Amino acid sequence: MVHGGSVQLLCLTADSGVPLFCRGTARQLPFSVIGSLNGVHMFGSGQDVLLSSCETERGGRVVWRVFHDSVMLIAVSGQDTEAVCEFQLRRLLDNIWNCMVLILGIDELVNVRNVERLKRDLRLCYQLIDGFLEASGEWMGDVTHCVDCLLPPQLVLLQEALDAFSHAAESEFGCLLVHGKVVAATEKWWRLAPQEVVLLTVLLRSLGGTACCDQPVFLPQGSPTVPHRLLRFQLLPGADVCVLCGPSPSLQRAEIELVGRFWRPLMEILWTCLALKDHCLPGSVTLHKDVLGLLLINRESSRAISSVRSAVNPPGAPSVARRWELLRLFFIFTVKRYFVQDEVAQRQKRESLQEEFALGFSHQPIQCYMVTEECKCFGLQTPHYQLYLLMPFSVPTFALRPLAARTLSTLTATGF
């Protein structure tokens, strides 16, 4: 888990090493430390060596990345954060760069005309950046780069209302979120890059409890130079609807004329969705009693559902908060070594991160399990899905595979 207090993020200009901001710690790093981190990278560049990461003798990690020869981001994890691996720090730097593009646009970052002005403008990104630094628990999108979803009991009615609302708001991009997770979205919204949707959901969560807002945003992949308007309306505390649109409609007109007309009749269904919370699954889905938590990724659509069952508490089972952390750690462990994603596969070949027994094999593992002092974990991969399960230590190891297969069948029957 990446915490703002354990990982420090530095942003500097790539050519001169001028610090732009430092986040993730209450205490500003000494200028000498910042200068040393920048200097060692610049020295390597001068020797035609790309310094991308290193590990300290005490277990800390440093990861460097330069974007568009303009901005350098450095992530530093302390010696007390053994769980924070290079995979997480690289994902973090990707997310932070895209946060900056989302708010400021790529032109402002690539063509730096005035460093002091850029420093001031970057303050607009702090709340969103802190959202990624403090990512935890029920939101997995920062590491999976898949969209966190929630399966509602009456999706058809919600989808129809969202499509009609988006059309009335002169937009083809609409999304309904509950507890920061996507419940329904228009067809064009799903065509956005998954990481863009993750960014937008984190942005919406960071906006807090305001009734409505009108936020200009750039899409890092789809529209990095031309901003769109992101209109967001709070339907209930924890339930929000948003659209990406052009100059019209005005925020006031959309709030007064459209929100009540399309969403007031569905308040009861929205309250039902809010009650799902950590479960994320409708009551019609029955899981085995030994499933403590799960993460299911649809590999084709880059959508994910994660759930921790707070009502299931066998003796010795980890707490609800710890289950969320274990799910995250098991995903990272598995994706680094076994269920290799395309972007990670090439890096693994270069850095030999795979287990020794796996080196030299051409096939892709489809199952793995882990036994810890707290619980047992099982991972299952098919051409279309990845499933990660947490189960009590009391479950026999030989029973993990059939239980996972049964759970996957139950979940995919929902049409996810």
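The structure presented is a predicted model; accordingly, all values stated were derived computationally and were not measured. (Residues numbered from 1 in each chain as written. Predicted model: local features only at pLDDT ≥ 70, side-chain atom pairs only at ≥ 80, totals over all residues. Heavy atoms only, no water.)

Colleague: Looking at this structure, how should I read a nonpolar patch on the surface?
Modeller: Taken together, the side chains of Tyr369, Val371 and Phe393 make up a nonpolar region of the molecular surface, amounting to roughly 320 Å² of accessible area. The topology assignment puts Val371 in strand S14 (residues 367-371). (Patch = residues over 30% accessible without salt bridge, like charges linked within 9 Å, V, L, I, M, F, W, Y side chains within 5 Å. Areas by Shrake-Rupley, 256 points an atom, 1.4 Å probe, with all protein chains shown as cover. Salt bridge = Lys/Arg side-chain N within 4 Å of Asp/Glu carboxyl O. Helix = DSSP H or I, 4+ residues; strand = E, 2+ residues; numbered from the N terminus.)

Colleague: Before we go on, may I ask you to explain the environment of Asp107 in this structure?
Modeller: Mapping Asp107 onto the fold places it in helix H3 (residues 106-110). For the pair Asp107 and Leu251, spaced 144 residues apart in sequence, the C-alpha to C-alpha distance is 27 Å.

Colleague: Just checking my understanding: could you explain the packing of aromatic side chains for this structure?
Modeller: Both the distance between ring centres and the angle between the ring planes are used here to describe each pair of aromatic rings. Under the counting rule described, the total for this entry stands at nine aromatic pairs. Between Phe339 and Tyr388, the aromatic rings sit 6.1 Å apart at their centres with planes inclined by 55°, giving tilted as the arrangement. Here Tyr388 lies in strand S16 (residues 385-391) and Phe339 lies in the loop between helix H12 (320-337) and helix H13 (342-351), a separation of 49 residues in the sequence. Comparing Phe339 with Tyr388 shows no difference in burial state: the two are buried. Taken together through their ring pairs, the aromatic side chains of Phe165, Phe233, Phe262 and Trp263 make up a single cluster. Above the ring of Trp139, the side-chain terminus of Arg205 is found at 4.0 Å from the ring centroid. In this structure, Arg303 packs its charged tip against the face of Trp190, placed 3.6 Å from the ring centre. (Phe/Tyr/Trp six-rings, centres within 6.5 Å; stacked < 30°, edge-to-face > 60°. Buried < 20%, exposed > 50% of the residue type's maximum accessible area, 1.4 Å probe, protein only. Lys NZ or Arg CZ within 6 Å of the ring centre and 35° of its normal.)

Colleague: In this structure, what is going on with empty space enclosed by the protein? I would like to understand it.
Modeller: A probe as big as a water molecule, rolled over the atoms, marks out the empty space that is left. The full count for this structure, using the stated rule, is three cavities of 30 Å³ or more. As a volume, the largest cavity reaches approximately 80 Å³. As for the largest cavity, its lining consists of Gly131, Phe132, Ala135, Trp139, Gly141, Asp142, Asp148, Val198, Thr201, Val202 and Arg205. Listed by contribution, the elements that provide at least two residues to the lining of the largest cavity are helix H5 (126-133), helix H6 (141-144) and helix H9 (194-206). (1 Å grid on protein atoms, 1.4 Å probe; cavity = no way out; pocket = protein on both sides within 12 Å on 5 of 7 lines; lining within 4 Å. Points joined across faces, edges and corners; volume = space filled by probe spheres on them.)

Colleague: How do you make sense of the sheet that holds strand S1 (residues 7-13) when you look at a structure like this?
Modeller: Consider a sheet: its strands pair through backbone hydrogen bonds, and that pairing is either parallel or antiparallel. One open sheet accounts for five strands, arranged S2-S1-S5-S4-S3; its pairing is antiparallel. Lying at the two open borders of the sheet, with one neighbouring strand each, are strand S2 (19-23) and strand S3 (53-55). Each neighbouring strand pair of the sheet contributes to a mean axis angle of 10°, computed without reference to strand direction. Of the strand pairs in this sheet, S1 and strand S5 (residues 71-77) are connected by seven bridges, and their pairing is antiparallel. Looking across to S5, one finds that Leu12 is bridged to Met72. Running over the sheet, helix H1 (residues 31-46) touches S1, S2, strand S4 (61-67) and S5 and is turned about 65° from S4. Lying over the sheet, helix H4 (residues 115-122) contacts S1 and S2, oriented at roughly 25° with respect to S2. (Pairing = 2+ DSSP bridges. Axes fitted to C-alpha atoms, helices over the stretch in contact; angles between N-to-C directions. Contact = heavy atoms within 4.5 Å.)

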